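# Descriptive analysis of the structure
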Amino acid sequence: MIVTKRHSLRIAAVGALSAASVALAGTAAIAATPAASTTSVTQKAPVTKAGITAKPSVTSVKAWTLFRVTGTTTGIKAGSKVTLQQKQHGKWVSLPASAPVTHKGTYSLGVKLGLKGKNDLRIVNGKTASGVFNVTVR
């Protein structure tokens, strides 16, 4: 095939038209998409109901012997304290045993009890309380 000056100009013109049509098609596609809205929408995090679980390391212990209570929390801020409560004469009494909640929502609490017999215990944070668990002191 012999390429003449006229043939070269025709190829150049077709190439330029092709490039222009591709450019126009891209511009049309961009114009067809709606512009992003400038108003911002703030989404609230789903409200998680606060909860605490508690599990003693033993169910029976000698008086004033150290044991652990461990558990997890949900909906409670990391760093806040959970406190051990003991039922005494029908009322819940806070004991001087507390521990911070970790960033993973767990806690571990060392406890020594001296009130002999079956002790009803629970872990609390504000108005949120774990289920009641029992430890018998001998």
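None of the values given here were measured: they were computed from a predicted structure.

### Thoughts on the nonpolar core
With 20 residues, the main nonpolar core has F67, L84 and I123 as its most contacted residues. Taken together, the elements giving at least two residues each to this core come down to β4 (67-74), β5 (81-88), β6 (91-100), β7 (106-111), β8 (117-125) and β10 (133-137). Residues within four places of I123 in sequence aside, it is in contact with I52, A54, V69, V82, T83, L84, Y107, L109, T128, A129, S130 and F133.

### As for the environment of V69
In this fold, V69 is placed in strand β4. Note on V69: relative accessible area 0%, which makes it buried. Along the chain, V69 and P56 lie 13 residues apart, while their C-alpha atoms are 4.3 Å from each other. Setting aside anything within four residues of it in sequence, one finds V69 in contact with A54, K55, P56, Y107, S108, L109, V111, I123 and F133.

### Structural notes on the side chain of N125
You can see N125 is positioned in strand β8. Judged by its relative accessible area of 18%, N125 falls in the buried class.

### Remarks on the pairing of β5
Along any regular strand the residues' side chains alternate between the sheet's two faces. Pairing between β5 and β6: 7 bridges, direction antiparallel. Bridge pairing links K87 to W92 in β6.

### With respect to the environment of K127
Mapped onto the fold, K127 is located in the loop between β8 and β9 (128-129). Note on K127: relative accessible area 88%, which makes it exposed. Residues K127 and A50 lie 77 residues apart in sequence; the distance between their C-alpha atoms is 9.3 Å.

Quick notes on the rules
- Residues numbered from 1 in each chain as written.
- Predicted model: local features only at pLDDT ≥ 70, side-chain atom pairs only at ≥ 80, totals over all residues.
- Heavy atoms only, no water.
- Core = buried A, V, L, I, M, F, W, Y, C linked by side-chain atoms within 4.5 Å.
- Buried < 20%, exposed > 50% of the residue type's maximum accessible area, 1.4 Å probe, protein only.
- Helix = DSSP H or I, 4+ residues; strand = E, 2+ residues; numbered from the N terminus.
- Contact = heavy atoms within 4.5 Å.
- Pairing = 2+ DSSP bridges.

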